[in-house]
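This is what each chain is made of:
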Amino acid sequence: MDHAHYADDYLRDILTSARVIAVVGASPRPHRPSHGVMRYLQRQGYRVVPVNPLAAGQIILGERCYASLGEVPEAVDLVDIFRRSKFAGAAVDDAIRADAKVVWMQLGVIDEAAAARAEAKGLKVVMDRCPAIEIPRLGLARG
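Because the structure is predicted, anything quoted here is derived from the model rather than measured.

### Thoughts on the sheet that holds strand E2 (residues 47-51)
For step 1, the next point in the chain: What the five strands build is an open sheet, ordered E2-E1-E5-E6-E7; its pairing is parallel. With one partner strand each, in any of the chains shown, E2 and strand E7 (124-126) form the two edges of the open sheet. On average, adjacent strands in this sheet sit at an angle of 20° to one another, irrespective of strand direction.
For step 2, the next point in the chain: Bridge count between strand E5 (residues 78-81) and strand E6 (residues 102-105): four bridges; the pairing is parallel. By the bridge assignment, valine 79 is partnered in E6 with valine 103.
For step 3, the next point in the chain: Most of the contacts of helix H1 (residues 8-17) go to E7, to which it runs at about 110°, and overall it touches E5, E6 and E7.

Now the structure itself:
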């Protein structure tokens, strides 16, 4: 797949079929981008589970934060990765082990090797995009 360009239908299918999103790198600090995106996704009706070992056990936007994807006690449809590119591969491998359907790497996060591993296991992959930008752009925003 060409990860420089995504068809709108591809992104729309991902965003309309996902129900549970794990945000890897979620921050309890309101000024952090991951916090704002998590809040936006909640307002769009998604169940959002924060994942961050440094905030494990804390409550972020009303949700318990887990240290790893492996600790999340429910099935995750989409893993939204807020980690630097050099750390994204480990998060992608965790998403594969967690049987996620989609790996979404945030703006500026690109790891072609990790994307290839995920796609080889049947996961859909998006890199260098933000769902909080794509949802309104695609006309999917609620309220």
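Now that the structure has been shown, the text picks up again.
### Remarks on the state of the cysteines
Put plainly, two cysteines are in a disulfide when a covalent bond ties their sulfur atoms together.
For step 1, the next point in the chain: Considering all chains together, one arrives at zero disulfides under this definition.
For step 2, the next point in the chain: Here cysteine 65 stays free of any disulfide, with the sulfur of cysteine 130 as its closest cysteine sulfur at 18 Å.
For step 3, the next point in the chain: We classify cysteine 65 as buried; its relative accessible area is 1%.
For step 4, the next point in the chain: By relative accessible area, cysteine 130 is classed as buried at 6%.

The rules behind these values
- Within any chain, residue numbers begin from 1 and follow the written order of that chain's sequence.
- Whole-chain, interface and lining totals are the exception, using all residues; otherwise, since this is a predicted model, local features are given only for residues with pLDDT of at least 70 and side-chain atom pairs are given and counted only at 80 or more.
- Only hydrogens and water are removed before side-chain values are computed, so all heavy atoms of the structure are retained for them.
- Here the rule is simple: two strands pair whenever DSSP picks up at least two bridges between them.
- Think of it this way: any DSSP run of H or I at least four residues long counts as a helix, any run of E at least two long counts as a strand, and we number them from the N terminus.
- Think of each axis as a best-fit line through the C-alpha atoms, taken over the contacting stretch in the case of a helix, with angles from 0 to 180 degrees between the N-to-C directions.
- Two residues qualify as a contact provided that any one of their heavy atoms is within 4.5 Å of a heavy atom in the partner residue.
- In what follows, a disulfide is any cysteine sulfur pair within 2.5 Å.
- Burial status follows relative accessibility: with a 1.4 Å probe on protein chains alone, a residue under 20% of its type maximum counts as buried, one over 50% as exposed, and anything between as partly exposed.

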